Structures are given as C-alpha cells and as structure tokens.
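Close look at the chain arrangement
One-letter residues, chain by chain:
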Amino acid sequence: MLRAPERATREGSSIEEEIVTIKMKICSSALEPLAERYLAGKRFVLQWLYEHKTTSLKEVHKALYEVLREKFGLKSKLAQDCYRDAIAVYKSWLENPKKGRFPVLRNVSLWLTPKLSYTVDFNTMTAKILGEEVKIVGYPHNLSQYKDFKVKEARLVKRGDNWYLNVTMKKKVQVEKQVKGLIAVDINMDFITLGNDKQVIEIPTRLHDAVHFKKLAENLQKRYQKRWRENKRILNRIRSFHIKARNVIQDFARKVGKWVVDEAKRLNANYIVLEDLNKMISHVKGLKKDYRDRLYLMQYRRVQYWIEWQAKKHGLNVIYVKPAYSSTTCPKCGNKLKGNGYRMLKCEKCGFEDHRDYVAVCNLYGRGSLSLATASQMRDVNPNQWEEPSPF
Ligand SMILES: [Zn+2]
C-alpha cells in the first residue's frame, strides 16, 4: 500500500546506564558539627590545591589525608570523600573557560561514598550517615520504581535548617539495537499521532487548556492595567494561572511519554521515530509571537523529552528524522498533497487520500525506516542522547 520501507539492519545491542537522583529529606541534628568540620576541611584542601596547582589524587592524599583526620577530625573514608570533593570543585573551576573568582564554599554539601560513608534502607526509610542513624522524612512518591537500582554516591546538603540526602542510583539497561519494528510520533497543536504503516492512534493534546489558563492570566493583566503589579491578590491569581498552564503541559507530556512507550511495546517496536525539533523550530519561527505557539513549542519539547526518558527506561531506541514536509508529501508517490476538506489531504497524481496526521506518521515512519536501513552509510541517525531528567 505504502512505499515499502527497506528492511532495517542494525546489529547487536548495547548496555546503557540509567541514572536517577533521589532527593530525600532527612531528620538529624547530630550531623551539624561533623558537617562543619567537613566544610572546613574542604575549604582547606581547596586552598591547598590552588597553592600547589595540582589535581593529583595521590599527591593530595599524601599531603593532606592525615591532616584531615587529625586537624579536622574526619574519619578515614570521610577524609577521602572530602579531598575528592574539593578536587572536583577545583577541577570544575579550572575547566571553566571563564574561570572567574576562585570558588568560595558557603553551602554545606558533603560527598558520601556508598556503604563506607553511608547506607540507606528503603524498607525502614532510614539511613546511616557516617555512623549516625537518621530518619528519612520526605521522599518521592514514585520511589518504589527504583527498587532494582544500585545505590551509588550521595550528597548530603543543608538548605536553611533542613537536611537533604540526594542519592544517585544507577541501573544497567540492555538496549537492543537490532531493529524489530518502529513507530513514528507526530506532535502537533491539537493531536499527538503515533503508529506504524498499519495502524495509527490519535491522542488529543491539552494545549487548549493551557492556552485557556494563559488567557485568564492575560485578561486579568489587561483589566487591571498597571495596578496588577502592586495588588498582591491579583498578582497571585495571575501567577497561579501561569502555573496552571505550565502544569497542564507538564502532566500531559509526562503521560504521553508513557503512552508512546506502551504503544511501541504493543506494536513490537523497539525504535521510536521523532521529528528533529531543531529543524522544526525554523518552520514555526514565523508565528512565534503568539503564546499559543510558544506553548506549543514548550509542549513539543516536553513531550519529546519524556518519550526519550521513558524509552530509555524501557530499553527502546529513539531516532530523529528531518521533519520537512512530513505532513504535505504523498507517502505513496512523493508528490505534494493538497487540502481536501477538514484536515484531509489528497494527492492529485496518484489519488492517495487521508487524514493529515496519518500522512505525517506514515512519512515519518518511512523516513525512519529508511534512515535505519542506511544508517551505516549515511550516519543520519542520532544515537540516544541521554541526560538525567531535569526541568527545562
Ligand atoms: Zn501520490
């Protein structure tokens, strides 16, 4: 029916690492004096590094290990954590091309090695930090999904009067590179359309809800002209509408990420084809003034981000293809399509006719198949680029 994609042939599999940071609030007063000594030790090492212009672990250990133990009262492992921590700070200052002022350490922040400097027990929600038993009083609600992760280093930080333990956790994920199947995802203002060459499903976006909240905020600003800045009550209402708009998009994007991965699994696909956002932005640039378009771009970024995040988590691959004309080209013959009623497109050359979102998915699917099949020659495919989830 459609242009048959060539059989894609990527071989083997690769081991990739999923990394998360779990932020937990802890309750302990006994840590204070120790943290102070650590911070003093870290400042001392940092100064020493600056004077001696070295980052050699061996040299630092030789010169400072005993000092940290005796003068600053740090136990063996913590003394090592302390100078490692200071070296890391020094290195990042050295490597920063703008450099600027030499770092001054103000925040209480301790680097902790797993098992030796701390342990954490997720069953009893307690942790042992440098011999001190502490209670975990706040943690993410979705903690249970990281059960099979390995506990790595942590950072103990103090913000205001509160203590937090930020634990890094890792898990090895085997990602099958050999192409079993693929699905394409087309994201636009009103719908997220996904599927393969045989079936396509459509998810209505929540962009209109977000726009609605933005409008409410804007109306208030208009109605109160200059006064809204001074009136705390109005200011708060405006702010809350903006937050609602953002939350709507955030929640939606997160859910879509999961749905896409579920759908990929259902259709036995281990590759997800997305449009290259950077190439797409230039297409929308002309209309960027309107907040509907700004929200659209935001939604677009987030949806892609969460798709990649979920894909990574479930051992699926993501590839990006050029978006150009994906929704205006005939998937059958490559001719330019013409509008034919509401969201329908028709090819005057071969008679192909379908819904525009379906056309976009078919074209992305075809492009994805092609780029996977020729990846070894063309290098048109970006490997999964993975970073720890972070707010944009
Ligand atoms: Zn055609």
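Whatever comes next refers back to the structure up there.
Summary of the structure given here. (Residues numbered from 1 in each chain as written. Predicted model: local features only at pLDDT ≥ 70, side-chain atom pairs only at ≥ 80, totals over all residues. Heavy atoms only, no water.)

1. Details of the coordination of the zinc ion
- All of the protein donors around the zinc ion are Cys330 (SG), Cys333 (SG), Cys347 (SG) and Cys350 (SG); their distances to the metal are 2.3 Å.
- For the zinc ion, the four donor atoms in the first shell make angles of 102 to 116° at the metal, so the coordination geometry reads as tetrahedral.
- In primary sequence terms, the donor set of the zinc ion follows C-x2-C-x13-C-x2-C. Placement of Cys330 in the loop between β12 (317-321) and β13 (338-339) and of Cys350 in the loop between β14 (344-346) and β15 (353-355) is noted, with a sequence separation of 20 residues between them.
- Residue class for Cys330 comes out buried when judged on its relative accessible area of 0%. (Donors = N, O, S within 2.8 Å, 3.2 Å for Na, K, Ca; no water. Tetrahedral: all angles 85-135°; square planar, octahedral: opposite > 155°, others 65-115°. Helix = DSSP H or I, 4+ residues; strand = E, 2+ residues; numbered from the N terminus. Buried < 20%, exposed > 50% of the residue type's maximum accessible area, 1.4 Å probe, protein only.)

2. Considering the packing of aromatic side chains
- Applying the stated rule across the entire model yields 10 aromatic pairs.
- Relative to Phe149, the ring of Tyr146 lies with its centre 5.2 Å away and its plane at 90°, an arrangement referred to as edge-to-face. Here the two residues Tyr146 and Phe149 agree in accessibility, since each one is buried.
- These aromatic residues form a ring-pair network of at least three members: Tyr50, Tyr90, Trp93 and Phe102.
- One cation-aromatic arrangement involves Lys53 over Tyr50; the distance from NZ or CZ to the ring centre is 4.1 Å. (Phe/Tyr/Trp six-rings, centres within 6.5 Å; stacked < 30°, edge-to-face > 60°. Lys NZ or Arg CZ within 6 Å of the ring centre and 35° of its normal.)

3. Thoughts on the environment of Asp357
- Along the polypeptide, Asp357 turns up in helix α8 (residues 356-373).
- For the pair formed by Asp357 and Asn188, sequence separation is 169 residues and the distance between their alpha carbons is 8.5 Å.

4. Points about the sheet that holds strand β1 (residues 13-27)
- Within the open sheet, the seven strands sit side by side as β2-β6-β7-β1-β5-β4-β3. Their pairing is antiparallel. Each of the sheet's edge strands pairs with one partner strand only, and the pair in question is β2 (109-112) and β3 (118-121). When the angles between neighbouring strand axes are averaged without regard to direction, this sheet yields 30°.
- In this structure, strand β6 (residues 150-159) lies alongside strand β7 (residues 162-176), joined through eight bridges in antiparallel fashion. By the bridge assignment for β7, Arg155 is matched with Asn166.
- Lying on the sheet, helix α1 (residues 31-52) is in contact with β1, β2, β4 (126-129), β5 (132-138), β6 and β7; it crosses β2 at an angle near 90°.
- The strands touched by helix α3 (residues 76-95) are β2 and β6; relative to β2, the strand with the most contacts, the crossing angle is about 115°. (Pairing = 2+ DSSP bridges. Axes fitted to C-alpha atoms, helices over the stretch in contact; angles between N-to-C directions. Contact = heavy atoms within 4.5 Å.)

5. Some remarks on the nonpolar core
- Formed by 96 residues in total, the largest nonpolar core has its most connected members in Ile129, Leu165 and Ile272.
- Take this core: its biggest share by element is 13 residues, from helix α5 (residues 232-266).
- When residues of this core are sorted by domain, at least three fall in each of domain 1 (19-172) and domain 2 (179-378).
- Setting aside residues up to four positions removed in sequence, Ile272 forms contacts with Ile183, Val185, Val260, Val261, Ala264, Ile307, Ala311, Leu316, Asn317, Val318 and Ile319.
- If you look at the next biggest cluster of nonpolar residues, it comprises 11 residues, including Val179, Ile319, Tyr365 and Leu372. (Core = buried A, V, L, I, M, F, W, Y, C linked by side-chain atoms within 4.5 Å. Domains from an automatic or database assignment.)

6. Considering the sheet that holds strand β9 (residues 191-195)
- With mixed pairing, five strands are arranged side by side in an open sheet as β10-β9-β8-β11-β12. Edge strands, defined here as strands with exactly one partner in the open sheet, are β10 (200-204) and β12. Strand after strand, the sheet turns through a mean of 20° between neighbouring axes, direction not considered.
- For strand β8 (residues 182-187) and strand β11 (residues 271-275), the ladder comprises three bridges, and the chain directions are parallel. Bridge pairing links Leu182 to Tyr271 in β11.
- Packing of helix α7 (residues 291-313) onto the sheet brings it into contact with β8, β9, β11 and β12, and relative to β11 it is tilted by some 165°.

7. Overview of the packing of α1 against helix α2 (residues 57-70)
- One can describe the packing of α1 onto α2 by two numbers: an axis separation of 11 Å at closest approach and a directional angle of 145°. In this structure, the crossing between α1 and α2 has a hand that is right-handed. Counted together, Gly41, Phe44, Val45, Trp48 and Leu49 of α1 and Glu59, Val60, Ala63, Leu64, Val67 and Leu68 of α2 form the full contact between these two elements.
- Residues belonging to the contact of α1 with α2 are distributed by class as follows: nine nonpolar, one polar and one charged. (Left-handed = near helix turned anticlockwise from the far one by under 90°. Nonpolar A, V, L, I, M, F, W, Y, C, P; charged D, E, K, R; others polar.)

8. Topic: the pairing of β10
- Across five bridges, the pairing between β9 and β10 is antiparallel. Bridging from a neighbouring strand, Phe191 pairs with Pro204 of β10.
- Here β9 folds back onto β10 in antiparallel fashion, the turn holding four residues.

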